[in-house]
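The primary structure of each chain is shown beneath.
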Amino acid sequence: MINFTKEEEEVVRKAFDRAFQDPSDLSERFTLFINKCMHEYETTKDYYAPYTTLIQASGTGKSKLLMNFAENIMTVYCCLRNSKSSGYPSRSHIAKTLLDEFDNERKAIVTYLAYICACFQKLQEFNGSCKEWINEHTNNNSQEDFWKDIERRMVNIMPDLMKNTTDNMMAEGINKYLDGQKIITQVGSVKCLFAFDEARTLVNQKVEGETLFYYVRRALKLLPKNVGIFTIFTDTHSNISNFSPVYYLDPSKRVAEKGSRLFEPFYLLDTVDMNTDFKQVPTLEESEDPQHFFRYGRPLWGALLSPSSEAEGFKPERVIELAIDKLIGGKSFIHWKKESQNKISIIEALAIFGPRLCIDIVPQSRYASHLVAGYMHLCLNISEDRECVITSMPTEPVLAEASARIMNDPNVRFTELINQLSSALKKGVVEAGYRGELTARLLLLKAWDNCIQKKHPGSRDVGNDYSRFVTINEFLKSLLADNVYKKIEDHLKMQVKFTGMKFGEAYIKFTHFINVTYTPERKNLGDALIRGVAFSCKRNQRGVDIIIPIYMGTLHENLNEDRISYILIQVKNWSTDNKGDDYPLSATAKLSPAYIDIEKLPHMPFLSLYLQLGAITEFVDVPTEFIQTRQVTSCKRKIENVLEEYQAGDIKTRGEFVKKIRIDDNQDISDAEITAFREHFQTPLALFGLSPNIYSCLEQLTPIPATSPSTIASDLTSNFKQLLTAWVDPTLGEHPEETKIIKRMEPLVYKME
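Keep in mind it's a predicted model, so treat the numbers as computed, not measured.

Caption draft 1: Structural detail: the packing of aromatic side chains. On inspection of all chains with the given rule, the structure shows 32 aromatic pairs. Taking the centre distance of 5.4 Å and the plane angle of 45° together, the rings of Y583 and Y610 count as tilted. Here Y583, found in the loop between β16 (564–572) and α27 (593–596), pairs with Y610, found in strand β17 (residues 606–612); they are 27 residues apart in sequence, far enough to count as distant. Its relative accessible area of 12% is what places Y583 among the buried residues. Judged by its relative accessible area of 0%, Y610 falls in the buried class. Here the aromatic residues Y51, Y115, F126, W133, F146, W147, F194, F196, F213 and F233 are joined through ring pairs into a cluster of three or more.

Caption draft 2: Spotlight on helix α30 (residues 671–681). Among the eleven residues of α30, nine are classified as buried, and the element is accordingly described as predominantly covered. Looking at α30, one finds that the buried residues are A672, E673, I674, T675, A676, F677, R678, E679 and F681. The inward-facing, buried residues of α30 abut α27, β17, α28 (630–645), α29 (654–661) and β19 (682–688).

Caption draft 3: Here's a closer look at unusual backbone geometry. The omega torsion of the bond from Y583 to P584 falls at 10°, within 30 degrees of zero and hence cis. In this structure, P584 sits in the loop between β16 and α27. Unlike most non-glycine residues, D273 shows phi in positive territory, near 65°. Structurally, the position occupied by D273 is in the loop between α12 (253–258) and α13 (284–287). The backbone phi angle of D597 is positive, close to 85°, even though this residue is not glycine. Mapped onto the secondary structure, D597 falls in the loop between α27 and β17. Of the residues examined, D597 reaches a relative accessible area of 55% and is grouped as exposed.

Caption draft 4: Highlighting the sheet that holds strand β6 (residues 229–234). Spatially, β1-β6-β3-β2 is the arrangement adopted by the four strands of the open sheet, whose pairing is parallel. Across the chains shown, the open sheet's two edge strands, defined by having one partner strand only, are β1 (51–54) and β2 (75–79). Neighbour-to-neighbour, the strand axes of this sheet turn through a mean angle of 20°, independent of strand direction. Bridge count between β2 and strand β3 (residues 192–197): five bridges; the pairing is parallel. Its bridge partner being in β3, Y77 is matched across the sheet by A195. In this fold helix α3 (residues 62–69) packs onto β1, β2, β3 and β6, with an angle of close to 155° to the strand it touches most, β2. Strand contacts of helix α5 (residues 105–125): β2, β3 and β6, with the helix running at about 130° to β3, the strand carrying the most contacts.

Caption draft 5: Geometry of the pairing of strand β7 (residues 378–382). Two strands pair when backbone bridges link them, and β7 and strand β8 (residues 389–392) are joined in this way by four bridges, in the antiparallel orientation. From the neighbouring strand, N381 faces β8, where its bridge partner is I390. Hairpin connection of β7 to β8: six residues between the antiparallel strands, including R386 at a positive phi of 60°.

Caption draft 6: Representation of the packing of helix α22 (residues 435–455) against helix α32 (residues 716–725). Direction vectors running N to C along α22 and α32 enclose 150°, while the axes themselves pass 7 Å from each other. Taken together, the axis directions place α22 and α32 in an arrangement best described as roughly antiparallel. Residues R435, G436, L438, T439, L442, L443 and K446 of α22 form the contact with α32, whose participating residues are L716, F720, L723, L724 and T725. A per-class count over the contact of α22 with α32 returns seven nonpolar, three polar and two charged.

Caption draft 7: Region of the structure containing the pairing of β19. Most of β19 is tucked away: seven of the seven residues are buried. In this structure, β17 lies alongside β19, joined through seven bridges in parallel fashion. Along β19, the bridge assignment pairs Q612 with F688. Pairing geometry for strand β18 (residues 619–621) and β19, over three bridges, is antiparallel. Within β19, the residue paired with V620 across the bridge is L687.

Reading the values: rules and limits
Residues numbered from 1 in each chain as written. Predicted model: local features only at pLDDT ≥ 70, side-chain atom pairs only at ≥ 80, totals over all residues. Heavy atoms only, no water. Phe/Tyr/Trp six-rings, centres within 6.5 Å; stacked < 30°, edge-to-face > 60°. Helix = DSSP H or I, 4+ residues; strand = E, 2+ residues; numbered from the N terminus. Buried < 20%, exposed > 50% of the residue type's maximum accessible area, 1.4 Å probe, protein only. Contact = heavy atoms within 4.5 Å. Pairing = 2+ DSSP bridges. Axes fitted to C-alpha atoms, helices over the stretch in contact; angles between N-to-C directions. Parallel < 35°, antiparallel > 145°, perpendicular 65-115°, else oblique. Nonpolar A, V, L, I, M, F, W, Y, C, P; charged D, E, K, R; others polar.

Below, the structure is given as structure tokens:
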């Protein structure tokens, strides 16, 4: 549980009270959704009860959306937050009554019906606006009196309701308290929305074997259909199945056996990047500042940093601390990392790697909804039967920085994190078809983290420890073993005539990866540089799997798209020494911008890395695929002549530069020109195998004794190779008896005992 000091509570309150921003008409969509549900409930017999759920990850604005809705439609808002929590909105005074330890199920149902009747009765007597109504029972200064009046009314109503011995009699008994004629609303819309926020407490407590939520839902089912009451449950830390279970697991027989439907959850809260002003393009130096990159991602981070124009927000490092705690399930990281020395769970490993690695969680896995519920993953889709949940992590620099700090904390075993990721692959939790690319991304991030630690050994602790630019030279020295780096060292020393700087002095910054469904263009590469993200390319992308943008300019100048280049990476995972029939073509011509379709004619150096991670024999190659024709030779000569005369101080655009080189600008770009430009500007390198002999980032900082029983589990190279070869293993069931049965079912695969 995350708690705040009194001063921090005030910052959180002011952040929450900021004006609701709604560039995508989210509020209108939510209102239409609630009214549609109300209409379907009143006009059909399809649905079990008048309620739905609001599901999304922490920090996306669920409570804020409810409060905004309440300014236009009468809403009874009740926060059931834990009494010891200092979170905001604060726990409602009525929560204690609603979470009582009831003697029996009848007492529970009658209490919830009395609560609804008392609130509705008070609402009929209220003469103010929707905004005044919601403020009266959520404001800390007035809510106690409001809820005490509700409790007095409930005391009067409950004896009357207790007289009813059947559901039909109960339904008739509550009618007299639910006269909504005085509540003015639009035709066909909800008259009163009952909102239960932080509703997991209803699931955690039980009476006679059933959860309190079960009895709340039973009470809702007894309400008259034409009264205009609808209900919504929301909670960051609750699984979707808590409030909208798969039908055959539903505790209500009517839902499970008679086909009564539950309303679909509302989960598409497109609030990511809401605090970002895309009209203001920062310099790369400015993009390192937490005041800038904390505004990307979910609105929580930017709101905490700048709660209002009059108030000072959290310091950047405090926001990162909060993000770290949230990534590990809302626990205290200080305490968690002591416990984690014994065991890190699969879900914790997935949560920690999630903001950086682009892990595809299997939608049918139970981990999917858990990751949304408590570990910051966004919910993108819920199937109608609620058996499949598609999750994702957006490009979120704050969480990437938080993840990097966890991964590199000396008290957190990085090798154990990899082991748990491998287990997730074997258990079918993670899509296993792209293990090579996943391993490559983790390898690159490891090199990135090592590079940052070497360049900035003393943390400034201002919120951007791992979110700063480094040069290509610095990164490659961290990635590659010394003997491998020397293979391309001379290329990195070459001066780039278009900019006047050396190739190896170009800048990169990538704290995380993002999956894309398109081939990036220069605009996308520029945006990625500012966010600190590299691209994990779309499935079936020609030629390349990973693209890392690089910038050949200064950090303090306005970003110029003409000065953007790239590192292009192709990943193979063949357990063989066979290079493949198309090698070295696949490491040169096919690993180029023209083949990939980024651009036909590169105008600055770019690096092509061909990683054959599964190779049995370690090997390093600088592949060549030179095509010598008269036209190619002529074009190469023209490139060299123009570059010889070109002055770095010339103010020319990329288009002008390329035009000057081309032999005939009026003709379409020829294959000869594409080949000549590629061969001149490309620096290719092919790496075979996976060990510290190839990748310096795999070196063990602390040698492990060969006699240690934990040598394999703690060896970094072994962990990476294990991840590279991890595949679904059906014998990894949770129960030993299951494993025995599976072995008997697969006699040709598993040896019979």
